[in-house]
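# What the coordinates show
So you can see what is in the structure, the chains are spelled out below.
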Amino acid sequence: ADGLAQLGRTSARFGIPRFGQERSLANEAARQRFRQSATEDERSRLSKYDDESVVGLLRALEQLRQPLCFCEIVGYGFKNTPR
């Protein structure tokens, strides 16, 4: 997803819909990848906002699949001491 987002931002040819197309090339690639890989359970947990691109939705799917790390929420240097 990050690569598709980068591609869309870098080149107008890939990031802007062409004549007669509903989506840009980057958004169409993200849409196809999302449709092929997301399970019904994953789709039910992700809500698409009105202004969100399909690339953003694919990025959210990839984040959903990553294990949640406590250090990412709180930051490094935090120690959880048992009571």
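A brief look at the structure comes next. Residue positions are given per chain, counted from 1 along the sequence in the order it is written. At least 70 in pLDDT is required for a residue's local features to be given in this predicted model, at least 80 for side-chain atom pairs to be given and counted, and no such filter applies to totals for whole chains, interfaces and linings, which use all residues. Side-chain numbers here rest on the full set of heavy atoms in the structure, without hydrogens or water.

## Thoughts on the overall build of the protein
Heads up, the rule is: Secondary structure elements are defined from DSSP: runs of H or I of at least 4 residues count as helices, runs of E of at least 2 residues count as strands, and each element is numbered from the N terminus. The classification of residues rests on relative accessible area computed with a 1.4 Å probe and restricted to protein chains. Under 20% of the type maximum is buried, over 50% is exposed, and intermediate values are partly exposed. Every residue pair with non-hydrogen atoms within 4.5 Å of one another is taken to be in contact. Each accessible area is a Shrake-Rupley result for a 1.4 Å probe, and residues are judged covered by the shown protein chains and nothing else.
Across its full length, the protein carries six helices and zero strands. Secondary structure elements of the protein, listed N to C terminal, follow the sequence α-α-α-α-α-α. Of all 83 residues assigned to the protein, the portion counted as buried reaches 24%. Put simply, of all contacts in the protein between residues at least 6 apart along the chain, 46% involve residues at least 24 apart. As displayed, the protein offers around 6,800 Å² of accessible surface, 51% of which is attributable to carbon and sulfur atoms.

## Here we look at helix α5 (residues 54-65)
To keep it simple, the criterion reads: Here a helix's expected span is defined as the number of its residues, less one, multiplied by 1.5 Å.
With 12 residues, α5 ought to run about 16 Å at 1.5 Å a step, and its terminal C-alpha atoms sit 17 Å apart, in line with that. Every buried residue of α5 is listed here: Val54, Val55, Gly56, Leu57, Leu58 and Leu61.

## Comments concerning the side chain of Asn27
Inclusion rule: Counted as a polar contact is a pair of N or O atoms within 3.5 Å, where, for protein atoms, one must be capable of donating a hydrogen and the other of accepting one, and residues adjacent in sequence contribute only when both atoms are in side chains.
Mapped onto the secondary structure, Asn27 falls in helix α3 (residues 25-37). Relative accessible area serves as the criterion here: at 19%, Asn27 is assigned to the buried category. A polar side-chain atom of Asn27 sits 3.2 Å from the main-chain amide nitrogen of Val54. Asn27 has contacts with Ser53, Val54 and Val55, leaving out every residue within four places of it along the chain.

Taken by themselves, the reported measurements are silent on function.
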